[in-house]
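Below, each chain spelled out in residue letters.
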Amino acid sequence: MHVPIGRYWTLLVTYLRPQWGTFALLVVLLLSGIGLQLLIPQITRQFLDAATGSNDPLLGLAAGFIGLAFIQQVTTLATTYYGEQVAWRATNALRSDLTQHILRLDLHFHNNRSVGELIERADTDVTQLAEFFSRLVVLVVGNLLLIGGILLLLTAEDWRMGIGFLAFSVAALGTLALVRNIAIPYERARKQAQAEMVGYLEERLVAIEDIRSNGAEAVMIDGLTGKHHVLYESWRALAGRSAVLSGVNGSVMTAAYIVTFLSASALFEAQAITLGTAYLIFNYAVLLTRPFNEISSQIDRFQSIGASVERVEEILHIQPRIQDGGGANVPAGALSITAEGVSFSYDSTTVLHSINFHLEKGQVLGVLGRTGSGKTTLARLLARLYDVNSGSIRLNDVDVRQFTQADLRQRVTMVTQDVQLFDANLRDNLTFFNREISDDRILHVMEILGLHDWLAARPAGLDSLIESGGRNLSAGEAQLLAFARVFLADPGLVILDEASARLDPATEARLERAVDRLLDQRTAIIIAHRLRTVQRADVIMILDEGRVVEWGQREQLAADPHSHFYHLLQTGLEEALA
Amino acid sequence: MITSAKIPSWRVIGRIVRHCPGLFGWMTLMMLVWMLLVQVQAVAVQQFFDHLNGEVIGLGVLGLIGVLLLVRLARIIANWVNLRLRALFWVQTMGLMRHNLLGHILRQPGARALPGSPSEALSRFTGDVEEIPLFATFSTELIGQMAYGTLAIIMMASIHLPLTLISLLPIVFTAWIANASGNRIQQYRAANRQSSGQVVGYLGELFGAVQAIKLAGAETPMIGHLDELNQQRQRMVLRDRLFGQLLISSTANAVTLSTGLIFLFGAEAIRSGQFSLGDFALYVYSLENFGYFLSIFGQMISRYKQVGVSVDRLITLTPAEPQAFMRPGVIRVEHAHPALQTDLALADTPFSGLRVQALTATHPNTSFGISGVSFTVRPGSLTVITGRVGSGKTTLLRAVLGLLPSSAGAVLWNDTPITQLDTFMTPPRVAYVPQIPHLFSDTLRYNILLGLRRSDSDLLQAAVMGADVKLLDDGLDTIIGRKGVKLSGGQAQRTAAARMFIRQPQLLVVDDLSSALDVETEQTLWETIAVMQERTCLAVAHRRAALQRADHIIVLKDGRVEAQGRLADLLANCDEIQRIWAGSAENVSD
């Protein structure tokens, strides 16, 4: 495995460019810090030579030394502050971009990933990158400059020693480079094991009631131990590699002492240097190993960060299968729908087989069929959550693939039975955090839906907090809010996918009038499993195992004793009259 | 935060260490070896400079180099052993705490089980749980550093006592300041954690609602809200880090200050040869390591406060038993073991009836709920609860099941009042299908059995899944994606129903099972329930298919029983059910 420096660089340039000013300040602070570090051993030498040899005054030197200690403190703090600021600005931008990218990826991607795993990518991995940004500057730039400065100053003392320490540095950095990547795959395995454990927990925490009511507590807890076994195996393997890394790092320090002992004693015995200079060499040798030491102790970090970069990049490089079209305008008003030879499969099983139909604008289509017959899939294709495998779907005779998704979804809206609510106030839940939608408009919509009294019963009104997943709402209330969301958009095609399934009849009746208003001047598809729901349909389509088995005007089908629809009506009516 | 149930952090750490004392002992020993050998290096450096200065030392330069090599070898071995032990210690203790927490949460009344969003709880299961074992391993470092510090001070003092005291002054002073600012660290850290938790919680909701966001075309405003939370977090992190760095670098820079003081007060001693260059080297070497020790000590203090923050957060996860997370126990993480399979004991007594008396419960955080609800479920009957949205149907079911605590009233099983409803109302007595069942990213078989020991043929028979299983590529072994997305709504609901049927409970409890099913599948389902031997069923429903088969109907309105009885009688006397009945007519003729 190789740490992809090129990719680090690309990321760095992209996210540092917008804050070059702060970045320049950071560089200045860093350089001052390095200068101070180089200066302090020089003063120490001067002092030691003065103390052991001549009778020069020592007080001034000692006072200056103490002054430097304070300046160093200020520099360190400022470096930290600006370093972290640059890092967090950059990673916040990256987190935002990555999350946006993940939202753009289609459902093929999302179906195979747990929420816990995506959180690991967009938070844990991206936060690691904050360290990458703040440390990369300090390490790669700062420490290389420090090493260069020390080597120059040692050469100034004695060129042979300069060469000796240069050789030592090259050997040390070479060795560190050789071993620096050995832990990356192990770190990745550990992260993966951690992500799986977190994903496991996440799924159990949202399913507490399901687990309890099936008496599966012990099994779930036992499964968690299994996940920890995998975690342990990966962690143990990683520990071995980390020990090798830190062993190499410590050996470099020992080697620095040995080089100092050999060179300083040889030069001193040859009377080429003073005792103070011998101490200077020792001082610089220790200072020299510190960047190595830091670089390699950070290698562990770099390796886990490297793994994070890879995972983030991996996701950034996944292209959505669904691409925006050339941006044809979605026409205003009601939309006509044409499906021609539409086939579709999620994986290998074909869900829709060559579907053909045409629905005039403003008409209401009722789609019936048993569960698994492809009704929901058809709806998803219309909203372009997936693309057809073959054939085409056209709105007003323009293929849906020619629109941008944003335009398309403004005009095609779908209400599903699963209503997603956020841990935020009612307003943000209705507008999806779109602050441009005025309260007046929201209140107007609530009125249309007959939710006025319901809202009035809540003292905080639109500021009422909705708990995550709508736990403080009944399923029916959640469904009503989903309707309110549709009303806030202005679609030309409305798809109601078993939308009223969770409403009790009395509440559903209350919605009828509102739905009438919604469907006025619009095309609609009502996917239902109950016959009553399709009463308002002009046209009926019956799907079975992904094929259209019946299509026709509702009234005609209802009157035709040989139609499936007629048969269904009989079942339904029979039930109603029994 | 909870203050009444406050447990001192050291006690928590002690309890966690006591889960595996042997490991902790060995880790400490390895740290001692690792640290004390540092001072051997310091002596080698001292000897080297004294040798240059003309003193006669025993080993010579090459001998000193030999010592350095031996020290390195010993430290490498100690470190390798230590890191391996840490891996085991961490996974063992973190695993046990998560094990305890999950166990407690699963056994607590459901609706109150989590204090925030599941993602928020998840951050406690990860970051906060990790904090305690991490501190325990840090404390082995501290023990090593303390042994080292003691040794270093003794050696320095034996050379020159006044200079030792003077040079330690700045280091001790900064350490004292660091100690004094402990509270602030805790505050900053808590604010940092909280704002990070908000980002994680929001991301979780965002990724859990991808389809809804796409359909609403709401990507941009949703990201806008993320940016707000991001910025908030940035402010908190920056404040926290800057303050932390202030403490760390003060102790580090104190060493430079100490060196300056040695210059100031030791100049004469150096000139007179009383304090040799070798001694100076030993001092600087020791002070640097001592400074590092104090900076570790400073970090320890701040980390110790962080442990306090994490413990508080863990406690709020399990308010009923604050110490749940540190309950002793053993989990085996070193060896793989086969997945647990459970058997269901048969219910010990036959079911003779369920009586609900004047049950009152409110939904947490709202004023909605049920009050004074009474009814009886006779063995072999189908009892249907009906009513419009918000009338309290689901609340009633959940209160009866103990998923929601009730504030008054009683539930009697076979004429015995049940106090621990939540543990009692489970298989083999009761099984329940919620309105929105949750599925796991695992095989279909796992999702139905949830560890129950049953053969595949039993499984297919018990369930209404036969046709579905044939449709799936790998049958029962098909992995159903996250939240079971690849299953249709009806299939997911049938999977949940299969979970219930295969447990053959004495009482089936169903919350609107039919809502995602088509007419024919729904009828099949009610027929399945109707023909089951010795089954008793309590269901929320409002469809005619269910109402007609019901032996007893309870009509709820605004959380109270409006009427109850047989369908025919209710239709004659009760307005509410007439409205529901009319609304549920499957009549399509105009």
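Everything numeric in this text was worked out from a predicted model, so none of it was measured.

When helices and strands are tallied, chain A shows 19 helices and 12 strands. Counting all 578 residues of chain A, 50% fall into the buried class. Put simply, 79% of the contacts in chain A that link residues at least 6 apart link residues at least 24 apart.

Our next topic: the sheet that holds strand β3 (residues 382–386) of chain B. Residues and elements named next belong to chain B. If you walk across this open sheet you meet the 6 strands as β6-β9-β10-β3-β11-β12, and the pairing is mixed. Looking along the sheet, the strands with just one partner apiece sit at the ends: β6 (430–433) and β12 (560–565). Put simply, the sheet's adjacent strands are angled 15° from each other on average, direction ignored. The pairing of β6 with strand β9 (residues 507–511) spans 4 bridges and is parallel. Looking at the pairing, Tyr432 lines up with Val509 of β9. Strands β3, β6, β9, β10 (536–540) and β11 (552–557) of the sheet are contacted by helix α10 (residues 393–401), whose axis makes an angle of about 150° with β9.

The subject of this paragraph is the sheet that holds strand β5 (residues 416–417) of chain B. All names here are of chain B. The sheet built from 4 strands is open, its strands ordered β2-β1-β4-β5 with antiparallel pairing. Two strands lie at the open edges of the sheet, namely β2 (369–377) and β5, each paired on one side alone. Bridge count between strand β4 (residues 408–413) and β5: 2 bridges; the pairing is antiparallel. For Leu412, the partnering residue across the bridge sits in β5 and is Pro417.

Here the focus is the environment of A:Leu557. All names here are of chain A. Structurally, Leu557 can be placed in helix α18 (residues 554–559). Classification of Leu557 as buried rests on a count of 20 C-beta atoms within 10 Å. For the pair Leu557 and Val539, spaced 18 residues apart in sequence, the C-alpha separation works out to 9.1 Å. With residues near it in sequence (within four places) discarded, Leu557 still touches Ile540, Glu550, Gly552, Ser563, Phe565 and Tyr566.

Time to look at the interface of chain B and chain A. At the interface, 151 residues of chain B touch 142 residues of chain A. The dominant element in the side of chain B that touches chain A, judged by the number of residues it contributes, is helix α8 (residues 219–271) of chain B, at 29 residues. In the side of chain B that touches chain A, the residues fall into 74 nonpolar, 50 polar and 27 charged.

Another aspect to go through is the confidence of the model for chain B. All names here are of chain B. Model confidence for chain B is summarised by a mean pLDDT of 85, while 91% of its residues fall at 70 or above. Predicted confidence for residues 585–590 stays below pLDDT 50, and this span has 18 contacts to residues more than four positions away or in other chains. Complex prediction metrics read pTM 0.68 and ipTM 0.82.

With that out of the way, let us pick up the pairing of β10(B). With 5 of 5 residues buried, β10(B) lies mostly within the body of the structure. Residues of β10(B) alternate between two faces, with B:Thr536, B:Leu538 and B:Val540 on one and B:Cys537 and B:Ala539 on the opposite face, all of them buried.

Attention now moves to the pairing of strand β2 (residues 350–359) of chain A. All names here are of chain A. Here strand β1 (residues 337–345) runs beside β2; their pairing, made up of 6 bridges, is antiparallel. By the bridge assignment for β2, Val342 is matched with Ile355. The loop that links β1 with its antiparallel partner β2 comprises 4 residues.

About the criteria used
- Residues numbered from 1 in each chain as written.
- Chains lettered and ligands numbered in written order.
- Predicted model: local features only at pLDDT ≥ 70, side-chain atom pairs only at ≥ 80, totals over all residues.
- Helix = DSSP H or I, 4+ residues; strand = E, 2+ residues; numbered from the N terminus.
- Buried ≥ 20, exposed ≤ 12 C-beta atoms within 10 Å, placed from the backbone.
- Contact = placed C-beta atoms within 7 Å.
- Pairing = 2+ DSSP bridges.
- Axes fitted to C-alpha atoms, helices over the stretch in contact; angles between N-to-C directions.
- Nonpolar A, V, L, I, M, F, W, Y, C, P; charged D, E, K, R; others polar.
- pLDDT = per-residue confidence, 0-100.

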